[in-house]
Structures are given as structure tokens and as C-alpha cells.
Amino acid sequence: MRTHYCGDLTEKHIDKNVKLAGWVHRCRDFGGVIFIDLRDREGIVQVVCHADVKNVVRIAKTLHNEDVIYVEGQVQKRLKERQNPHIKTGTIEIIALNIQILNRSEILPFSLEDYIPVNEELRFYHRYLDLRRPEIFEKVRFRSKLTHAVRAFLDRNGFLDIETPILIRSTPEGARDYLVPSRVYQGKFYALPQSPQLLKQLLMISGVDRYYQLARCFRDEDCRADRQPEFTQIDIEVSFMSEEEIQTLIEKMIRSLFKKLLGVTLNAFPKMTHREAMRRYGSDKPDLRIPLELVEVDDLFEKSSFSVFAEHALNPESRIAALRLPNGCALSRKQLDEYTEFVKIYGAKGLAYIKVNDREKGMEGLQSSLLKFLEPNRVEKLLNRVQAQTGDVIFLIADKAKIASEALGALRIKLGHDCHLAQEGFAPLWVVEFPTFEFVDGRWQSVHHPFTAPKVSLDDLEQAPGQAVSSAFDLVINGIEVGGGSIRIHNVDLQKKIFELLGIHEKAAEAKFGFLLRAMKYGCPPHGGVGFGLDRLAMIMTGAQSIREVLAFPKTATAACPLTEAPSTVDKKQLEELGIKVIKN
RNA sequence: GGAGUGGUAGUUCAGCUGGUUAGAAUACUGGCCUGUCACGUCAGUGGUCACGGGUUCGAGUCCCGUCCACUCCGCCA
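Residues numbered from 1 in each chain as written. Chains lettered and ligands numbered in written order. Predicted model: local features only at pLDDT ≥ 70, side-chain atom pairs only at ≥ 80, totals over all residues. Heavy atoms only, no water.

## Quick word on the overall build of chain A
To be explicit about the condition: The numbering of helices and of strands both runs from the N terminus, where a helix is a DSSP run of H or I of at least 4 residues and a strand a run of E of at least 2. Only protein chains enter the calculation, and the probe is 1.4 Å; a residue is then buried if its accessible area is under 20% of its type maximum, exposed if over 50%, and partly exposed in between. The criterion used for residue contact is that any of the two residues' heavy atoms lie within 4.5 Å. The Shrake-Rupley method, run with a 1.4 Å probe sphere, supplies the accessible areas, and residue values consider only the shown protein chains as cover. Counted charges follow a simple rule, with Lys and Arg positive, Asp and Glu negative, and His plus the chain ends left uncounted. Lysine's charge is taken at NZ, arginine's at CZ, aspartate's at CG and glutamate's at CD.
Secondary structure summary: chain A contains 16 helices and 22 strands in total. For the C-alpha atoms alone, the extent of chain A along its principal axes is close to 95 × 75 × 50 Å. For chain A, the proportion of its 585 residues judged to be buried stands at 48%. The long-range share in chain A, meaning contacts at least 24 apart out of those at least 6 apart in sequence, stands at 68%. As presented, chain A carries roughly 30200 Å² of accessible surface, and 51% of it is formed by carbon and sulfur atoms. Side chains of chain A carry 81 positive and 79 negative charges; the gap between the two charge centres is 3 Å.

Here it is as C-alpha cells:
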């Protein structure tokens, strides 16, 4: 039907007769001469309809945006003053000899012009139109290149692409499962995988040695800008590799992807323990592009007459941390009040601050509601500790450690963006030695998952579960958790012990994870692996503001598909076959 | 489950302290125009102000509720 893509035509094709097909991007009718911008996947080319080619003009007069047409014509070089530097085919144009209308388009619900913003809801309701816009389509095209490059890298490194089932059994812990009812076994349900975690471990026991899969994963939890109910994971598992070896391999992959697809050379990824990340950045996924750091100041408030701070200074469960904002004195009272409101979202009771109007003048040069509670020598120590300079604002939070860290960590990010402090580019890092357990709702829970190998002895684990670091690690880029992994437990006794500590007793463990425990008895190799959010990676690499931009058909924050209107009710008959009765409310 | 922001023409938005006929740009329709490329130009059409209730002489505007979208907290082993 056609000989070229519109966007692929160059000066090499001058004088050639070409056959094109595509969408009418725009028409400019001068009465005598008519210009058509013809668009396809690869770009736009200008078609010129001259008045003396009667058949062509007759049809061109009737064209509307997004009509689908076929054009035969001759490629011609444009005169210098007629060239358009804004499109890649701007030095040539097509002199139309024949035009046919392949299909008409109704008037569009929104403009496809890139300079006109469109409501996201409307875009996704008509996603097929949205994707006609080149800058939108590029993100989906990028994703295609990304998956291809991932597969090529892993294939080169001896990984086998193995598909695992989508209909699996529900396991306890973790996110809420999406359930699929069974017709054959009424009252029983399959679960969609939150990740193929256990299956890939079984593949290691099979001797697969190196496994990967671009795996669809499903989690029935609330969405965020970087979270969808279904997403794709670059799922990897290897046998006989240490944590460091795995990280080295993955780092090599990530660097090759950035090099190949973006032409960006990433430096070696720094490694930071989870403890250090929380201490310095108040987050387990620090954005290193922002040059602000939390500073520990607990000791400065011991025995202080300021009772609120003094109490937290003595409490080992608490934390007092400071954050210095250079030139923060420029902030208005209103802005400071807004930041105080902001930290309350994270449970902080308040936000104290000291304005350093003039560092030379000592206490006289400071402005803060705290000063009346604090001895001058403590204030001086504090200012030295944070290296305060004239014009700075020092923010302080004293609270339970988790709250103080997270609130100040979030404030750090917000200040970084509000004050435009973030550096350009990409800032990757490994966060390592995540805790094995955390104490939530009166019981121990896995921070990563129950199959994560701890880095301490079984004795230490039982003595102080809260202190035990694990082999779990995350890869963070620009403050976004891109992926995580760990060395897995390959000893059945240790695995049983972990289940016990998590309150999953022997009988329950056997019922729910029996297949894993059984498999582990037959020569389970030491193994470990990672799972990477392909969508998040694509989002970071394309600079997209939300994960929805890199999905062809994304869902809304309430997990609905705006285009197909899923989820939907189903026929009574379907429910009867499944033995399901719907109870409203 | 909770907090915040938003919903006005096909689209993107304005609409002040409640006031008489709800505007702009763009799109669309009909003219004019032989070198534009976000063409220009003249004229015209186009509104359940998300939905429901309330206050008021009078509500796009104020109050209450509901729905939808987005951001965040919780949640996401």
C-alpha cells in the first residue's frame, strides 16, 4: 500500500515518487494551494496540493483533522525560505499527484496539538487518540526499546526467560491479593501473583541457575503516582552468587540500559546502609540529588530545661534531628507555617525553626520561638553542629524516631523542590542491610519478605529480632525505589524458624508454604535475586511525572480503567456457575 | 479509612465581596485568500456552571451532602 513512513523521508528521496498513508495532522487552505501535514508513527511530512491538479484539490478541500488518507506524490526539495526547521522532514515536501480518503474522522474530543494541555481523565478515556500525539507515544515506544534491551542483556548473560503461572495460590502476608474464583472448585480461589517470588525460588531448586521474566504483578492496594494495581517487574533469580555479585551484575545492567537508551554514563552506585539512609536522609529511599542532610542533635538537649526536647533526648525510641536550609531566612512566616502543617501529615507534632539572621551576633542574631527555652551554650553548639551561616534556617523535630526521620526526610524533599536545589540528572544508590523484621500491631513482620536471609546468627535473631540486619537491599534512583532483592533462605530449618518468629506456626506454615519447605529439603542451592519495577524505571528514564504515562492503558487512582470501564458487573449466570453471591455493603 | 486540590462552551481556562444577558482563546460551521507550517482574515453556532439539597429577594460564587479525577497519609511482605 505504501512505500515509506512520512517521518522517514529525507533529501535522499528527492525526485522519487512515493506512496504514503497516514492521518491528516492539519490542513492549511490558501484557496489556491493547500498544505496537508500528513502524520504517521514516524513523523510528519508536508503534502502540497496545487490548484492545477484538480482531482487532488477537490479532495483536499474536504479534509479534516485525523481523516485517514493515502497520498501518491513526488518528493521535492523546499526552497530555503520555505523550509521548516521544527520538523525533521522540513527541508522537503510531497507534491501530491493523487489523494484518496481511506476513512473519515469525527471531530475529536480534544486537540492533539502538543501545546494544548488536556485533562488526564479525558486523555485516558480516549487513550487511543492520546497515543497519536508524538510526545505521548514516545514514552510507550521507549518502553518497547527498554524491554528489548533488558532481554538482550540478560540473554547475553545466560539467563533463561521462563514464564510462571498467573493463576496461583494465595499466600499470607504481603499485599492484598486479587482473587479469581474457580468454577471447578466452587468456593475456592486462585490469586494473581504479587510477584513470582516462590516460583522463581523453585526454579533455582530445579537447577535453572539463572532465571528472568518480565512478569506481570498484581497488588490490590491503593494507587499512587508511581504505583498501579498491575505492573511489570523485571524478575531475576540466580544461584551460587553472593549479594555483592548480584548487585554488581544488576548495576552493570542498569548502567548499560542508561548508556544504550539515553546515552548517559552513570558513575558506580554508592552503597549505604539502611541505618545510615534513615539517619542522614530520613528515608529508606533518599533522593541524593538534593544537597540537604539531617543532623543528629539528641545529645545537645540532654538535661535541657526545654522539657519536650529533653524527654526525647533521653528516650532511646526517640530522635531529635536538625535540617539546615541555606538562605532559608528568605522564607515568609506563611511559608514556614505551611511547612509546619506539612510535617504534621507524617505525624510530627510540630516543627521548630531557628532563623540565623546574623551568625556574627550570637543569640542577638537569631530569631526563634525556642530561644527562651534554650541556654546560649546549647544554641551555639547546635549552630556549630549544623554549620549554620548567616541567612540559614535550621529546622528541628523531636519525636519518636520513625516520625522524626520520616517527617524531616519528607520536608527535606519538599524544600529541595520548592527551593530548586535538586541537581539535574540521575542519582542511583544501593540501600543495603535492611532490617529483617519490624514490630507492627503487636507482632513481628518481615520488612522484605519471609524468605529473606538474615545477616546475623539464629541466636542473635531470636535474642533481638528488631536489631537483626538482613541481606535485603534496594536500588534507589532519584528518590524512587526502582527495585529490591535479597539473598534467600536455602536452609529449611532456618526458614521454619523465621515462620515461627512471624507467628506462622508449624501447621499453618505446612499448609501454606508446604510446597516450598518440601522443595527446600532436596538440595536447595544458595540463591538470591531481585525484582525491578519496569514501569518505574521507564518513568525515571523518560522523565515522566507518573507511572500512567509509560503504560499503554493505565488505571485511575481508584483502580478503574477509564477506557473499558473495568471493573464491571457480570451476568447472574456467570456468578451462578462460580457459586458466588454478591452481598452489597 | 483520612487530608488536600480541582470539576464553568468540544477543549484549555477567567469569572473579585452573591446582583440583572456567564466571558476569552482555541475548536467547529460558512465566506475570502497561491507558500503556509500553532497560516491569516470576516461572520456565525456553541453552556444541565459535576450532581442533590439548603441559606437568600437573588447562588457559577456561600453552606451541607454525594460523585468523579489528581496528590499525599494509612496501605503497598
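Read on for the rest.
## A closer look at unusual backbone geometry
That bond from A566 to P567 is cis: its omega, 0°, falls within 30 degrees of zero. Summarising the element assignment, P567 is placed in the loop between α15 (534–542) and α16 (572–578). Phi at E66 is positive, roughly 75°, even though this residue is not glycine. Inspection of the secondary structure assignment puts E66 in the loop between α1 (54–60) and β4 (68–77). Since its relative accessible area comes to 2%, E66 is described here as buried. At H420, a position not held by glycine, the phi torsion is positive, near 55°. Within the fold, H420 resides in the loop between α11 (401–418) and β17 (428–432).

## Let's talk about the domain arrangement of chain A
What counts, and what does not: These domain limits were set by an automatic method or by a database of domain assignments.
With domains assigned, chain A is organised as domain 1 (6–103), domain 2 (137–272 + 429–551) and domain 3 (290–422). Of note, the centres of domain 1 and domain 2, computed from C-alpha atoms alone, are 51 Å apart.

## Let's talk about the sheet that holds strand β14 (residues 352–356)
Operational definition: Paired strands, as defined in this entry, are two strands with at least two bridges between them according to DSSP.
The strand order across the open sheet formed by five strands is β12-β13-β16-β14-β15, and the pairing between neighbours is antiparallel. Two strands close off the open sheet at either side, each with one partner strand: β12 (294–296) and β15 (366–367). Pairing analysis gives eight bridges linking strand β13 (residues 318–325) to strand β16 (residues 393–400), with the strands arranged antiparallel. Bridging from a neighbouring strand, I320 pairs with A398 of β16.

## A few points about the protein's contact with RNA strand B
Using the following cut-off: By convention in this text, a residue qualifies as near a molecule or strand provided that one of its non-hydrogen atoms is within 4 Å of it. Definition of a polar contact: a pair of N or O atoms within 3.5 Å, with one able to donate and the other able to accept a hydrogen when the atoms are protein atoms, and with sequence-neighbouring residues admitted only if both atoms are side-chain atoms. By the convention adopted, Pro, Cys, Tyr, Trp, Phe, Met, Ile, Leu, Val and Ala count as nonpolar, Lys, Arg, Asp and Glu as charged, and the other residues, Gly among them, as polar.
If you check the shell around RNA strand B, you find 48 residues, and the closest are R26, E93, Y115, S446 and H448. Per the 4 Å cut-off to the protein, sugar and phosphate atoms form 53% of the nearby atoms of RNA strand B. Between RNA strand B and V33 there is a distance of 3.5 Å, counted from a sugar or linking oxygen to a backbone nitrogen or oxygen. Interatomic distance of 2.4 Å between a backbone N/O atom of S446 and a sugar or linking oxygen of RNA strand B. When contributions to the surface near RNA strand B are tallied by element, the ones reaching two or more residues are β1 (17–29), β2 (34–40) and α2 (120–125). Its residues placed into classes, the surface near RNA strand B shows 17 nonpolar, 16 polar and 15 charged.

## Concerning the packing of aromatic side chains
Spelled out, the test is: Here a Phe, Tyr or Trp ring, Trp counted by its six-membered ring, pairs with any other such ring whose centre lies within 6.5 Å, and the pair is stacked when the planes are under 30 degrees apart, edge-to-face when over 60, and tilted otherwise. Two conditions define a charge sitting above a ring: the NZ of Lys or the CZ of Arg must be within 6 Å of the ring centre, and it must be within 35 degrees of the ring normal.
Under the counting rule described, the total for this entry stands at 15 aromatic pairs. Seen from their ring centres, F451 and F513 are 5.6 Å apart, and the 75° between their planes marks the pair as edge-to-face. Of this pair, F451 sits in the loop between β19 (443–446) and α12 (458–463) while F513 sits in helix α14 (residues 506–520), and the two are 62 residues apart along the sequence. Of the two residues, F451 and F513, both sit in the buried class. In this structure, K414 packs its charged tip against the face of F342, placed 5.3 Å from the ring centre.

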